[in-house]
Every structure is written in structure tokens, then in C-alpha cells.
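Working through the structure, step by step
Okay, here's what each chain looks like letter by letter:
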Amino acid sequence: MHKIQLHKNVKAVLVIALISVLLLSPMILNHTAIMGVDSYFQNNRIYEAAMQIKHGNFSFMNLYSFQQSGRIVNEVYSPLLGYVFGALLLVTGTWFKFEVLTNGLLFFLAGITTYFAARKLRVSFKMSVATAAIFMSSTSIYGYTFGGTWRAFALALVPLIVIPMVNFYNRDWSMRAMLSLTVIVAAIFQAQLLTMLLVLPFLVVPFIVGWLKTSHKIQALVRCIIAAIIALVLSLNVILPYLELVKQNTLVPPVSMNLQDGTMNLIVPSPGQLDRTLISFILYLALAGMIMFWHKLQPIVKIITIMSITYIVLGSSLLPWQTINEHAPALRNFLQMPSRLPIIGIPLLMIGTAAIYTNIYRANRSEVLKQVVSFVTIMMGIMAVMSLLVTFNKRVLNYRNPEISVANGLETTDEVIVVRKDDGTKPKSIVDLQPALHSHDLSKLITVIDRVTPDYLPVKVADYSQVNYYQAYRKEIAEQRTDYQHVVKPNGVLELRWQAEKSGTQNVPAVAYYRTKVKLNNHEIKPSQRKISDVGSLKVDQKQGDNVLSLQYVPAKSTMFGVLLATFGWVVALIAVAILAIRQRSDY
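Since the structure is predicted, the reported quantities are computational estimates derived from the model, not experimental observations.

1. Considerations on the overall build of the protein chain
Along its length, the protein chain carries 24 helices and 10 strands. Against the 2.2 N^0.38 benchmark of 25 Å for 588 residues, the protein chain shows a C-alpha radius of gyration of 26 Å, consistent with a compact globule. C-alpha atoms of the protein chain, sized along the principal axes, occupy 90 × 60 × 60 Å. For the protein chain, the accessible area works out to roughly 26,300 Å², and carbon and sulfur atoms hold 61% of it.

Below, the structure written as C-alpha cells:
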């Protein structure tokens, strides 16, 4: 019988897929879905995309979610991925199955990108797979599993930035290299803008070094500019809608946070968190390797490792973040948490450290050292996976504990959630949410609880010191929504219907942007005629009897063209990537 021989890349895919399933086993075996602090915000976005796809009723405005208040969220927050995930929700049919699938895809994506990034630096097969397992189990990734943190999808793509870094350093300005640069940067942009902005500095040094060494400087510069323009075109679906809203409306800014409270001290091992302790250990392995064997390391490996360590240090309490907090208040809203820097540095630190010790044993031509390094890396990979399994199982057991309240289970407080009856019973514990998570009626999870999140609301003044947007939104919109009938009509029209006992001014649980077309009882209310509350809810002159408020967002033609161009561009880009991948099969 002939022994089946699989290529190493195929083996890696199978092993990483197996690890992904293993990591999901606590959820699958207990048949229990879990959520966290950001889950309801993300689930509203995904439900919205699913319903727009299902009904073929596409709109910039959220028609089916976020209390059906006329808000715009999806179109300015990872819209393309939102529709992809909306389609997955429709395919899976329940929130539980959706969670299993999306978390599995996230683990697999994090693993496979880390594996190929490590292989780009010529790290051995076993070490590349083990490094992938460590990153799959890290805080950068499981933030989505436990808390619904969307940036995990952007972070899962961050390892791929190693590819253009190596290409730049090696003076590879080919169209293939530029296409990979374009797609990688644009893909991270689609997942999260802030992550893309924070990861771009990693490209600067390799580009400068490679450009100074190349004899084709003009060609290299032109091709890079073209790649940047194409990446910009692929991102128009995110950029233009946001610019349109910001230009014509005053939006609620991100929550201001104390920078000092948001640091991540990976420099000091965390006894209660094995994954962070492993990262600390990797950090010191990287430092020791560079100090002891600097002359044996490839320059690109040095660059990747130094920059990743820099990010980890910048996000720690070694920096005077309290002073920065006082003198640069804008960072409280933009960066919010310095820990955003270390979680970007983590995957590149892991890959860089694996490459350091690969360089060392190859420079010494020591098979024994190779086996020792491989053993330690594999052991750390196993520890990381087992540690996450234990933590995951504890979280699942919490979601089966009837003594844990809904607010505590969602890692928030009662002040920012509104709980409603489901089949005649109001959920009291987190266990009571499981029926909604397993129901084929996807709307149950969205309607049984309203999680107050005032992001992107159009308001009079964008200042948290003057208005408590969370409290105002809960009072004026979340708590009032059930007093109105919401009807979604074709062409992106949302209607609020109610019956009034008398005429007069009524504060309705709906908001309107500058380009939102507002009609009350078939009479249009121009932007200059609108009256709004501090949180942006409309104040209208109702009549006695039946009232109908109609909302429809009409984007600028240029914005709509940019969105369609970006969407078409992604289709072309993915086809080009597929063609190049097929052509490379001969290298397998």
C-alpha cells in the first residue's frame, strides 16, 4: 500500500483546522453560546446585514436593528465584512451555530496567516505551526470569543504584514508583490480602520531600506503609489460614507477613556493568565536572542522583532500614560486604550522570535539546537491551547449558571441594558438568554435585550462632559421603542407609527442625519426645521389620532459610486489573487 504524501502546507491547514475545532469544543460539547461586552453591538450589525440580504432591501440606514431608530452604523463600521457575516448568519440559521462557525473561522484565519508569515521568514514547518497555535490562543484573538471584540478579525490578518515587509526589504517590486501589499492593507482596513493605521508603521523601515538599495527607485516608487491608490479604492466603501456623515453631522465621539487604565503590561508575567505569561516569556527570549546572537540574525528579522517589542513597550505602564492622558486628551477618544499597541505587536513578536531562533540554529548548523528550539515552541503551543480550553470551559460554565445576572454575563451593568419579556417571561439570568441564542427566530436575541450604545448618533454637541449619551439614549430611545410600531418598507424606508391622545410636541425614539429624508404624516420636515434632543432623538408635532414618521437615508451619488466601485474592486482583486494562487500550485 502506498503511503499518502501531503505537502507541508496542506498538513498545516489540517492541523490548524483541528486546533480550531478543539478550541471550540467547550462550546460545542456543552451546546452553550456565550457573549460579552461588545457582542450585542456586533450582533445588531450582523442581524441588520442578514435582514437586508434576506429582504433585498439595502440601505445605509439600519432598518432592522439598533432599536430601529434610523441610526447609521453598518455603513461606517466594517460594512463589507458585515454583509459577509450577515450571509453566514442566514446560512447557519441560529446564533449558536453562527458563533461556532465564526469563532472557528477566526481561529483558523489567525493560525493560517501566522503559519504563512512564519514560513515567509523560512521558519521550520513544526515551529510555524506551533507559533500559529500560540497566536490562535492569545488575547489578541479570544477577545472576540469572550467579548465580541471585532478588532480580533483585523488582528488575525496582522501577521500577513510580514509578507510586504519581506518583499520591501528584498527589493521585490513585482506586480505580484504589490498586489499582495494592496490586498493585505485593504483587508485589514475593511476589518478595522484603527488597526490598519497602527500597523502601517511596520512597513516604513523595510520600505526605506529596500528603496535605498534598489537601482530602480522610480519604478519602485511608482508601483508603491499605484498599490496605495488601489488599496484606497478598495476602502472607499468605508471612507466615503464616514466622511459624508462627519462632514454634514455632529456625531457622538468614541468614549473617552483614561489611558493609564488601558495599558497592558506584558513585560511582567501574569500568574493568573498563562497566555500573557507565555507572551512575556517570548518577549524575553526575543531580547536574549538578539543580544546574544545579533550578528547571526537576518536584518529583516531584527526589524520585525524590534518594532514588535517597541509596540509592546509603548502599550505598557513604562510610558507616562497618566501625563500623556492629561496633556493629549484627544488620545483618550482616538486610541482609548494603549493596550491596542501590544495586541498588534504580539503576533509579530511571536513570528520574529521563531525566526530569531531559526537563524541561530541554522547559523550554528546544530541539529541538537534545532530539536531543542522546536521542542520548546511546540510545548508552548500545547500550553497555550490547553490554557485557552480551560478558560473557555469556565466561561461556558458561567453561561450555564442561573445565579449570574444578564448584565454580569454580558460584562456590563444594568444601567446600559433594557431587558424585555421573551415568550411572556423576562430573562433574569444569563441562562435565560440561551433559548434566544438557539432559536431559529433570529430577531429574538435582538429584541429581548437592548444594549445601549450611542456610537455615531447625530447630536447637537459632541461632548460627554455636557451630555450623558448612554443614559439619555436609554431613556429617550431604548425604553420608548416598544410604544411605537416599526414597519420596514421597500427602498430603505423605515416607518414609526403611533396613536396620540392629543396633538402637540412628541419626542419620538428616532434620529435623523442631514441626508435623512424625514416625513411626518406625509409632510416632509427639512433639516433646518428639525428639533432634536441632546441625544439626537426627533421632536415632532404630532396630531391627535394616528401618526406616521417616515425615515429614508439618501446618500450622495458620489458616495454611492465609491461604495459600488470598492465592492466591484474587491471582486476583481479576489479573482486576481485566486489566479495567482492557482499559478503557484506548481511550487507546492
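2. Brief notes about the nonpolar core
By size, the foremost hydrophobic cluster in this structure holds 187 residues, and its most contacted members are W95, L121, L433 and L549. Sorting elements by how many residues they give to this core places helix 18 (residues 340–364) first, with 14 residues. Contacts of W95, omitting those with residues within four sequence positions, involve N43, I46, Y47, L89, A436, L437, L442, L445 and I446.

3. Re the sheet that holds strand 5 (residues 504–511)
Across the sheet, which stays open at both edges, the 3 strands sit in the order 5-9-8 with antiparallel pairing between neighbours. Two strands in the sheet have a free side with no partner beyond their single neighbour: strand 5 and strand 8 (531–532). Where strand 5 and strand 9 (residues 537–542) come together, 5 bridges link them in antiparallel fashion. Bridge pairing in strand 9 places Q506 opposite V540.

4. Comments concerning the sheet that holds strand 6 (residues 516–520)
The strand order 3-4-10-6-7 describes an open sheet built from 5 strands, whose pairing is antiparallel. Looking at the sheet topology across the chains shown, the edges are occupied by strand 3 (485–489) and strand 7 (523–525). Direction aside, neighbouring strands of the sheet carry axes that sit 25 degrees apart on average. Judged from the 8 bridges that link them, strand 4 (residues 493–500) and strand 10 (residues 545–553) form a sheet pairing that is antiparallel.

5. Thoughts on the environment of L160
Secondary-structure assignment places L160 in the loop between helix 7 (151–157) and helix 8 (162–169). Judged by relative accessible area, L160 falls into the buried class, the value being 19%. The sequence separation of L160 and G424 amounts to 264 residues, and the corresponding C-alpha distance is 49 Å. Dropping the residues within four chain positions of it, L160 is found in contact with T113 and I184.

6. Observations concerning the pattern of salt bridges
Following the criterion strictly, the structure yields 7 salt bridges and no others. With a shortest N-O distance of 2.3 Å, D450 and R420 are connected by a salt bridge. Here R420 lies in the loop between strand 1 (417–419) and helix 21 (434–438) and D450 lies in strand 2 (residues 449–451), a separation of 30 residues in the sequence. Overall, D450 belongs to the buried group, its relative accessible area being 1%. Measuring nitrogen to oxygen at the nearest pair gives 3.2 Å for the salt bridge that ties R481 to D450. Here D450 lies in strand 2 and R481 lies in the loop between helix 23 (469–478) and strand 3, a separation of 31 residues in the sequence. R481 sits in the buried class, given a relative accessible area of 11%.

7. Section: unusual backbone geometry
Among all residues except glycine, the phi angle is most often negative; among peptide bonds, the trans geometry is most common. Within the chain, Q67 stands out as a residue other than glycine whose phi angle is a positive 65 degrees. Overall, the relative accessible area of 3% leaves Q67 in the buried class. Of note, the phi angle at Q68 is positive, near 45 degrees, even though the residue is not glycine. Here Q68 shows up in the loop between helix 2 (39–55) and helix 3 (79–92).

8. Some points on helix 8
Of all the 8 residues making up helix 8, 8 are buried; the element is thus mostly covered by neighbouring parts of the structure. What helix 8 keeps buried is the set V162, I163, P164, M165, V166, N167, F168 and Y169. Those residues of helix 8 hidden inside the fold are in contact with helix 4 (95–120), helix 9 (175–191), helix 11 (201–213), helix 12 (217–234), helix 15 (299–314) and helix 18. Of the residues flanking the end of helix 8, it is R171, one or two places downstream, whose phi is positive at about 60 degrees.

Parameters at a glance
Residues numbered from 1 in each chain as written. Predicted model: local features only at pLDDT ≥ 70, side-chain atom pairs only at ≥ 80, totals over all residues. Heavy atoms only, no water. Helix = DSSP H or I, 4+ residues; strand = E, 2+ residues; numbered from the N terminus. Rg over C-alpha atoms; globule rule 2.2 N^0.38 Å. Areas by Shrake-Rupley, 256 points an atom, 1.4 Å probe, with all protein chains shown as cover. Core = buried A, V, L, I, M, F, W, Y, C linked by side-chain atoms within 4.5 Å. Buried < 20%, exposed > 50% of the residue type's maximum accessible area, 1.4 Å probe, protein only. Contact = heavy atoms within 4.5 Å. Pairing = 2+ DSSP bridges. Axes fitted to C-alpha atoms, helices over the stretch in contact; angles between N-to-C directions. Salt bridge = Lys/Arg side-chain N within 4 Å of Asp/Glu carboxyl O.

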